[in-house]
Amino acid sequence: DTGVSQNPRHKITKRGQNVTFRCDPISEHNRLYWYRQTLGQGPEFLTYFQNEAQLEKSRLLSDRFSAERPKGSFSTLEIQRTEQGDSAMYLCASSFKGVGQPQHFGDGTRLSIL
Amino acid sequence: AQSVTQPDIHITVSEGASLELRCNYSYGATPYLFWYVQSPGQGLQLLLKYFSGDTLVQGIKGFEAEFKRSQSSFNLRKPSVHWSDAAEYFCAVVAGGYQKVTFGIGTKLQVIP
């Protein structure tokens, strides 16, 4: 068990640029989740995948955000035309299938918009 | 919709003192409840979870939590706090049949010598 890996750890970009983050889940886990965490808040759910299928998306996931998990392994989260309000920590988690299975988190990607 | 309330944003305790972090949830049926800990710049680590059965659950690092249905609470406790316990603690709930985890706002724990 090598844990959930996220890259990059930090991303600084100018407003209006596109960014892409990568998450490598625990290999045995078939569910993968994305969360956003702003300062002083708990993580907020964005979306989740079961294998390669994206099964739920939050209203927070505007049309500038897209997530993929093409082969049911790693996932990418892309933000197009970044805005100041996108500055946050983006967390990825994975779990086994099944209601209430605990989610294992990566260390996150911190995005700063200049 | 499920929700979680952590009424204490910041708590300071002396090293060696006991700790209780409060968590109240809102959900019609029995939820799945979790406590996570987050150190600065890190992801979240699962401390313990409650699904059913014994209402007192033991977790890692000497933490325990008690589920009280009548009070809709799931408070986290530790009998003797260590300086390394300084971190932010999040209570979380998953409603049955769903995958979305709803987190509380977090309680930041400061430990003083």
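An account of the accompanying structure is given in this report.

Cut-offs applied
Residues numbered from 1 in each chain as written. Chains lettered and ligands numbered in written order. Predicted model: local features only at pLDDT ≥ 70, side-chain atom pairs only at ≥ 80, totals over all residues. Heavy atoms only, no water. Phe/Tyr/Trp six-rings, centres within 6.5 Å; stacked < 30°, edge-to-face > 60°. Helix = DSSP H or I, 4+ residues; strand = E, 2+ residues; numbered from the N terminus. Buried < 20%, exposed > 50% of the residue type's maximum accessible area, 1.4 Å probe, protein only. Polar contact = N/O pair within 3.5 Å; in protein donor to acceptor, adjacent residues only side chain to side chain. Contact = heavy atoms within 4.5 Å. Core = buried A, V, L, I, M, F, W, Y, C linked by side-chain atoms within 4.5 Å. Pairing = 2+ DSSP bridges. Salt bridge = Lys/Arg side-chain N within 4 Å of Asp/Glu carboxyl O. Axes fitted to C-alpha atoms, helices over the stretch in contact; angles between N-to-C directions.

**A few points about the packing of aromatic side chains**
All names here are of chain B. Per the counting criterion, the structure on display carries 17 aromatic pairs over all chains. Judged by centre distance (5.9 Å) and plane angle (80°), the ring pair of F34 and F51 falls under edge-to-face. Of this pair, F34 sits in strand β5 (residues 32–38) while F51 sits in the loop between β6 (44–50) and β7 (56–58), placing them 17 residues apart in sequence. Owing to a relative accessible area of 1%, F34 belongs among the buried residues under this scheme. For F51, a relative accessible area of 27% corresponds to the partly exposed category. Here Y36 and F103 contribute two aromatic rings whose centre-to-centre distance is 5.7 Å and whose plane-to-plane angle is 55°, an arrangement assigned as tilted. Residue Y36 is found in strand β5, and its partner F103 is found in strand β11 (residues 101–103); the two are separated by 67 residues along the sequence. Residue Y36 is classed as buried on the basis of its relative accessible area, which comes to 1%. When its relative accessible area of 9% is taken as the criterion, F103 is described as buried.

**Concerning the side chain of A:S95**
All names here are of chain A. Mapped onto the elements of the fold, S95 is located in strand β9 (residues 88–95). Assessed through its relative accessible area of 0%, S95 is described here as buried. Within polar-contact distance, the side chain of S95 engages the side chain of Y33 at 2.9 Å. In this view, S95 contacts H29, N30, R31, Y33, Q101, P102 and Q103; residues no more than four positions away in its chain are not counted.

**Let's talk about the nonpolar core**
Counting 26 residues, the largest nonpolar core has B:L19, B:W35, B:L47, B:L48, B:F74, B:L76 and B:Y89 as the members making the most contacts within it. The set of elements that each furnish at least two residues to this core consists of β2 (10–14), β3 (19–21), β5, β6, β8 (64–68), β9 (73–78), β10 (87–94) and β12 (107–112) of chain B. Ranked by residue count, the leading element in this core is β10(B), at 4 residues. Those residues within four positions of B:L48 in sequence are excluded, and the remaining contacts are B:L33, B:F34, B:W35, B:V57, B:Q58, B:G59, B:F63, B:E64, B:A65, B:F74 and B:L76. Core analysis: the second largest hydrophobic core is formed by 19 residues, A:F49, A:F65, A:Y90 and A:I113 among them.

**With respect to the pairing of β10(B)**
Residue and element names in this part refer to chain B. Burial analysis of β10 places 8 of its 8 residues in the buried class, the great majority of the element. Relative to β10, β5 is paired through 7 bridges, and the arrangement is antiparallel. Each residue of the ladder has a partner; that of W35, found in β10, is C91. Bridge analysis of β10 against β12 gives 3 bridges, and the strand direction is antiparallel. From the neighbouring strand, Y89 faces β12, where its bridge partner is T107. Summarising the sheet, β10 and β11 pair through 3 bridges and their orientation is antiparallel. Each bridged residue has a counterpart across the sheet, and for V94 the counterpart in β11 is V101.

**Things to note about the environment of B:P7**
In this fold, B:P7 is placed in the loop between β1 (3–5) and β2. Residues B:P7 and B:H82, 75 residues apart in the sequence, show an inter-C-alpha distance of 23 Å.

**Here we look at the pattern of salt bridges**
Following the criterion strictly, the structure yields 8 salt bridges over all chains and no others. For A:E83, the salt bridge is made with A:R64, and the minimal N-O distance between the two is 3.4 Å. Within this pair, whereas A:E83 is found in the loop between β8 (75–79) and β9, its partner A:R64 is found in the loop between β6 (53–57) and β7 (65–68), the two being separated by 19 residues in sequence. A relative accessible area of 10% places A:R64 in the buried class. A salt bridge links B:D8 to B:R22, with the nearest nitrogen and oxygen atoms 2.9 Å apart. Here the residue B:D8 occupies a position in the loop between β1 and β2, and B:R22 occupies one in the loop between β3 and β4 (24–26), the gap between them amounting to 14 residues. With relative accessibility at 18%, the residue B:D8 sits in the buried group. Look at B:R22 and you get partly exposed, because its relative accessible area is 39%.

**Description of the sheet that holds β8(A)**
All names here are of chain A. The sheet built from 4 strands is open, its strands ordered β1-β3-β8-β7 with antiparallel pairing. Of all the strands in the sheet, just β1 (5–7) and β7 have a single pairing partner and so form its edges. Going from strand to strand, the sheet's axes swing by 15° on average, the running direction of each strand aside. Relative to β8, strand β3 (residues 19–24) runs antiparallel, the two being bridged by 5 bridges. Of the residues in β8, the one forming a bridge with V19 is I79.

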